[in-house]
Number of protein chains: 4
Amino acid sequence: MKLLLSNDDGVNAPGLAALASSLQSLGECCVVAPDRNRSGASNSLSLERPLKPQQTHHGFWSIDGTPTDCVHLALGGLFNFEPDMVVSGINAGANLGDDVLYSGTVAAAMEGRFLGKPALAISLAGHEHYETAAQVAYRLVSQYDRLSGELALPPRTLLNVNVPNRPYAQIQGFKVTRLGHRGQASAPVTVKDPRGQTRYWIAGVGKIAEAGPGTDFDAIAQGFVSITPLHIDMTRHDSLEQVSAWLDLLN
Amino acid sequence: MKLLLSNDDGVNAPGLAALASSLQSLGECCVVAPDRNRSGASNSLSLERPLKPQQTHHGFWSIDGTPTDCVHLALGGLFNFEPDMVVSGINAGANLGDDVLYSGTVAAAMEGRFLGKPALAISLAGHEHYETAAQVAYRLVSQYDRLSGELALPPRTLLNVNVPNRPYAQIQGFKVTRLGHRGQASAPVTVKDPRGQTRYWIAGVGKIAEAGPGTDFDAIAQGFVSITPLHIDMTRHDSLEQVSAWLDLLN
Amino acid sequence: MKLLLSNDDGVNAPGLAALASSLQSLGECCVVAPDRNRSGASNSLSLERPLKPQQTHHGFWSIDGTPTDCVHLALGGLFNFEPDMVVSGINAGANLGDDVLYSGTVAAAMEGRFLGKPALAISLAGHEHYETAAQVAYRLVSQYDRLSGELALPPRTLLNVNVPNRPYAQIQGFKVTRLGHRGQASAPVTVKDPRGQTRYWIAGVGKIAEAGPGTDFDAIAQGFVSITPLHIDMTRHDSLEQVSAWLDLLN
Amino acid sequence: MKLLLSNDDGVNAPGLAALASSLQSLGECCVVAPDRNRSGASNSLSLERPLKPQQTHHGFWSIDGTPTDCVHLALGGLFNFEPDMVVSGINAGANLGDDVLYSGTVAAAMEGRFLGKPALAISLAGHEHYETAAQVAYRLVSQYDRLSGELALPPRTLLNVNVPNRPYAQIQGFKVTRLGHRGQASAPVTVKDPRGQTRYWIAGVGKIAEAGPGTDFDAIAQGFVSITPLHIDMTRHDSLEQVSAWLDLLN
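Given the structure is predicted, the values throughout are model-derived calculations rather than measurements.

1. Quick look at the UniProt feature "binding site: a divalent metal cation" (unreviewed entry) in chain A
All names here are of chain A.
Here is step 1 of the chain: Sites flagged by UniProt as "binding site: a divalent metal cation" (unreviewed entry) map to Asp8, Asp9, Ser39 and Asn91. Across 84 residues, the annotated set stays spatially compact, with a maximum C-alpha separation of 9.0 Å.
Here is step 2 of the chain: In this fold, Asp9 is placed in the loop between strand E1 (2-6) and helix H1 (14-23).
Here is step 3 of the chain: With near-sequence residues (within four places) excluded, Asp9 lies in contact with Arg36, Asn37, Ser39, Ile90, Asn91 and Ala92.
Here is step 4 of the chain: Side chain to side chain, Asp9 and Ser39 meet in a polar contact 3.1 Å long.

2. Side note on the relation of the copies chain B and chain A
Here is step 1 of the chain: With an axial shift of 0.0 Å and an RMSD of 0.0 Å, the rotation relating chain B to chain A amounts to 180 degrees. Taken together, the rotation and translation describe the operation of a two-fold axis.
Here is step 2 of the chain: The fraction of interface residues of chain B whose copies in chain A are also interface residues reaches 99%, indicating that both copies meet through the same surface.

3. Considering the packing of aromatic side chains
Within a pair of aromatic rings, the relevant descriptors are the distance that separates the centres and the angle that separates the planes.
Here is step 1 of the chain: Enumeration over the complete set of coordinates arrives at eight aromatic pairs over all chains.
Here is step 2 of the chain: Centre to centre, the rings of Tyr144 of chain A and Trp246 of chain B are 5.6 Å apart; their planes meet at 70 degrees, and the pair counts as edge-to-face. Here Tyr144 of chain A is found in helix H6 (residues 144-148), whereas its partner Trp246 of chain B is found in helix H8 (residues 240-250) on a different chain.
Here is step 3 of the chain: A residue is classified by how much of its surface remains accessible, and Trp246 of chain B, at 0% relative accessible area, is buried.
Here is step 4 of the chain: Centroid distance Trp61 of chain C to Phe79 of chain C: 4.8 Å. Interplanar angle 40 degrees. Geometry classified as tilted. Taken together, the residues Trp61 of chain C in strand E4 (residues 61-63) and Phe79 of chain C in the loop between helix H2 (67-75) and strand E5 (85-92) connect sequence positions 18 residues apart.
Here is step 5 of the chain: Overall, Phe79 of chain C belongs to the buried group, its relative accessible area being 12%.
Here is step 6 of the chain: The ring of Phe224 of chain A has Lys175 of chain A sitting right over it, with the charged end atom 4.4 Å from the ring centre.
Here is step 7 of the chain: Positioned above the aromatic ring of Phe81 of chain D is the side chain of Lys2 of chain D, whose terminal nitrogen or guanidinium carbon lies 5.4 Å from the ring centre.

4. Here's the deal with the pattern of salt bridges
Here is step 1 of the chain: Scanning the model with the defined rule gives 44 salt bridges over all chains in all.
Here is step 2 of the chain: Taking the shortest distance from any N to any O, the salt bridge between Arg156 of chain C and Asp98 of chain D comes out at 2.7 Å. With Arg156 of chain C in the loop between helix H6 (144-148) and strand E7 (157-164) and Asp98 of chain D in the loop between strand E5 (85-92) and helix H3 (99-102), this residue pair bridges two chains.
Here is step 3 of the chain: What makes Asp98 of chain D buried here is its relative accessible area of 5%.
Here is step 4 of the chain: A salt bridge links Arg113 of chain D to Glu111 of chain D; the shortest N-O distance between them is 3.9 Å.
Here is step 5 of the chain: We classify Arg113 of chain D as buried; its relative accessible area is 6%.
Here is step 6 of the chain: Taking relative accessible area as the criterion, Glu111 of chain D reaches 5% and is therefore assigned buried.
Here is step 7 of the chain: A single salt-bridge network, built from bridges that share partners, covers Glu48 of chain A, Lys52 of chain C together with Asp193 and Arg199 of chain D.

5. Comments concerning the sheet that holds strand E2 (residues 28-34) of chain C
Here is step 1 of the chain: Strands sit in the order E3-E4-E2-E1-E5-E6-E7-E13-E8 (chain C) across an open sheet of nine strands; the sheet is mixed. On the outer flanks of this sheet lie strand E3 (53-55) and strand E8 (174-176) of chain C, each paired with one strand and no other. The average undirected angle you get between the axes of adjacent strands in this sheet is 25 degrees.
Here is step 2 of the chain: Examined bridge by bridge, E2 of chain C and E4 of chain C share three bridges and lie parallel to one another. Residue pairing for E4 of chain C: Val32 of chain C is matched across the bridge by Trp61 of chain C.
Here is step 3 of the chain: In the packing of helix H1 (residues 14-23) of chain C onto the sheet, the strands contacted are strand E1 (2-6), E2, E5 and strand E6 (119-125) of chain C, and the crossing angle to E5 of chain C comes to about 140 degrees.
Here is step 4 of the chain: Those strands touched by helix H8 (residues 240-250) of chain D are E7, E8 and strand E13 (225-231) of chain C, and its axis lies near 170 degrees from that of E8 of chain C.

6. Some thoughts on unusual backbone geometry
Here is step 1 of the chain: A cis amide bond links Gly89 of chain A to the next residue, Ile90 of chain A, at an omega of -10 degrees.
Here is step 2 of the chain: At Asn80 of chain A, a residue that is not glycine, the phi angle is positive and equals roughly 50 degrees.
Here is step 3 of the chain: Mapping Asn80 of chain A onto the fold places it in the loop between helix H2 (67-75) and strand E5 (85-92).
Here is step 4 of the chain: Phi is positive for Ser42 of chain C, close to 50 degrees, though the residue is something other than glycine.

7. As for the sheet that holds strand E1 (residues 2-6) of chain D
One key point about sheets: their strands pair by backbone hydrogen bonds, in either a parallel or an antiparallel sense.
Here is step 1 of the chain: Here nine strands make up an open sheet; going across it, the order is E3-E4-E2-E1-E5-E6-E7-E13-E8 (chain D) and the pairing mixed. The open sheet terminates on both sides in strands that have one partner only, identified here as strand E3 (54-55) and strand E8 (174-176) of chain D.
Here is step 2 of the chain: In the sheet, E1 of chain D pairs with strand E2 (residues 28-34) of chain D via four bridges, with the strands oriented parallel. If you follow Leu3 of chain D over to E2 of chain D, its bridge partner there is Cys29 of chain D.
Here is step 3 of the chain: The strands touched by helix H8 (residues 240-250) of chain C within the sheet are strand E7 (157-164), E8 and strand E13 (225-231) of chain D, with E8 of chain D carrying the most contacts at an inclination of about 170 degrees.
Here is step 4 of the chain: Contacts between helix H1 (residues 14-23) of chain D and the sheet are confined to E1, E2, E5 and strand E6 (119-125) of chain D, with E5 of chain D contributing the most and set at about 140 degrees to the helix.

The rules behind the values
- Residues numbered from 1 in each chain as written.
- Chains lettered and ligands numbered in written order.
- Predicted model: local features only at pLDDT ≥ 70, side-chain atom pairs only at ≥ 80, totals over all residues.
- Heavy atoms only, no water.
- UniProt positions renumbered as here; feature names shortened; annotations may be inferred.
- Helix = DSSP H or I, 4+ residues; strand = E, 2+ residues; numbered from the N terminus.
- Contact = heavy atoms within 4.5 Å.
- Polar contact = N/O pair within 3.5 Å; in protein donor to acceptor, adjacent residues only side chain to side chain.
- Least-squares fit on C-alpha atoms with pLDDT ≥ 70 in both.
- Phe/Tyr/Trp six-rings, centres within 6.5 Å; stacked < 30°, edge-to-face > 60°.
- Buried < 20%, exposed > 50% of the residue type's maximum accessible area, 1.4 Å probe, protein only.
- Lys NZ or Arg CZ within 6 Å of the ring centre and 35° of its normal.
- Salt bridge = Lys/Arg side-chain N within 4 Å of Asp/Glu carboxyl O.
- Pairing = 2+ DSSP bridges.
- Axes fitted to C-alpha atoms, helices over the stretch in contact; angles between N-to-C directions.

Here's what the structure looks like:
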């Protein structure tokens, strides 16, 4: 198996190193990641300038772009590596509920949607126990053939995995979940620059709004690894009729 | 009605000016847009630095950030304007099928998901007939009360509107559609910098892969305005069982 | 006379508009400026990516780069305009003493050093009386032929002009000056980002250290327009012997 | 002796590693460098956003800013290190003649002008023999006390050192030089982006225009280490009278 690894915390992040060292016994790994922290990059592509891949001292590829740029270039053949699947992470911090809209970690996995196997995004709900998330990644990837085989997950699917920030022995198990929701983000933080001008710093995620049983928030809170299948088609099929009725007014 | 307008082509783009002048008779408009072209920005947030809003000569707000930053700051109260809904566009070029993953225009609308009314993203499938798209925007927004009222579109819904690039009189009508799909993107374009180093420029969208009847691609090809309801919840509910079966192996 | 105008405050800055409207009766003006505020850009060149000039609604050229990029591209023939001289400004705030090392306004003028006539950088020691600085610019440029003719200022010379922030009638006259000096900059300002990490914001210029008679600081303090001739050759000719003696130890 | 090291090629450049390992026996070294290649950054300061220093795996400090930012923050006390002098390099490629205007390597050294000892900028006229330049740096720094002592180089002086790209045994000796000059830069290179728009890429330095005996170009051509003393005061003292005569017309 050939694995393409990426992340959004940047090529020097500890989570990426942990992921690479955990998965390398399962197959050949090619690591391509942003040269800087690009948390919050979502699926953004750098269209205004060409990109320059550079190899780092530990053999990873570093790109002056976004997580999506990295996977896009890798699948475009730049590194002479044809991956079977994309694994993205280990993100420093959870990607739960609406976080997935903004997450570069999830976006990197999503960019692998044309490959045969479902892509995997892995986040640690904290900043300490990367080795737990690395072990989770190892277990998931080594069982992956079955998922894309007999279980026949549909194409263009992505698994969003969140891992509790605790030793592996204290993990309660694995749970399939749906995304919860966050409420509106807290207001931007006001800072003054040294010349007295006011600037506004985006404060990040909103408070948890929907975290009931079955959600990813709930699984993490109970100490389970949360696994949410995501699709890439954003069509709201159950609203097609309503919109159609509305359009009758316009036509 | 109070309307928050944004886009991803930047505060000086002709599509934004056309949108603003078309909608201002329907309500108070506040325009907040990126200071540069940010096409392909997706839902990316600028988390690494504070942002500086500046008012331009025509009263629009210009922000050194992404489309999502713009709407995020506006909803965070920066401009003393509490909008009823977000309208984003008019994008220079279509946003069809998988384009919506990368589009900053769609992302700006998505950031308005906490408001009562469905948000609207409007794109012109070309670069000439902005006045057609502006007229379409006017008709949609003026009928919008009904959509959020008696038709009761669910919360966290977004309408992705694409308009054929032709005079309004030649528009065939309005069609509700589902997203088609594009295939894998074409390979990055190789350029040499003046010092002889190779760089790679992302080539943009892939070829159309699924554009059958009912898709947004098909509506545009036939000269109809395409209206696709999008949801924001990416959970693949129909795969929960399969993943659950798979997890039994791991638990 | 053909004049190339630029600045470092960006293409939409009021000082640039004032400069252009003041000088256009003296010759054909081509305006090429950064799309954003690039104060502090010094002589920096964008070497890592290609640049995209775009024309704004008032006919100025806007470039996604530095002041030096702007003049560099203009002299490289991009706008089919062969200027006789470069005028840069009107900067919002003074450029006195060591400020010239960091100033993009001065750097833009410096990039015009290959043209026949000395280049001109104009800064307003404040943010109100742009019309005063515009009138000063008009008077200087209209007398410029003499400077490059009978007075034969050497090639590769630049005039750094600072104008007191007061009505023109209250200007005491014009003074030739040498650069004063600033002491070490004040310490960077510490800010916390919304995630609790400490960042450091450069606080700007140091306190005035040498501002005695004959300096630019002194002229401005007394209400005179300060004009400092600058050269571009940084060789310290009077130290060549000392360094030579030192090298004897190494050879 | 406490040495502050920086460069403009970025914290991972081989020249910086060679410099640090060469100088560490002469004193305590603190290394602070840009996180990316910032060649051509000149003395630019990042004023629009706060900076985030991060320590790399080999103990260097990496900053998301310019070379001048790096030295500025270090002298501002961020790293609890009070250096005696600044050494910048080893640059990949020469910094000769007008190159010093644009060089971030020279600018980093210049930012150390408030310290007691002259600062040092070291560039390799090529990309292979970093060990030669490292040995040159070692010899210069170990003799530096004498330069700032009995030879009493004036304050605010900088030595710009260029080293031939050859084995140390083939170095002909050390020469004090003045800066030569380059002619106007070659025209920007035109590239097409993947969407067909024309962009312009700055092509870099102009051809050599003045490289006679005594210049830095000449010393390098003959196989000598070139050492040019630079001052920071850009006042053209020998033109003060001419400008004064001209101003009589205006007063």
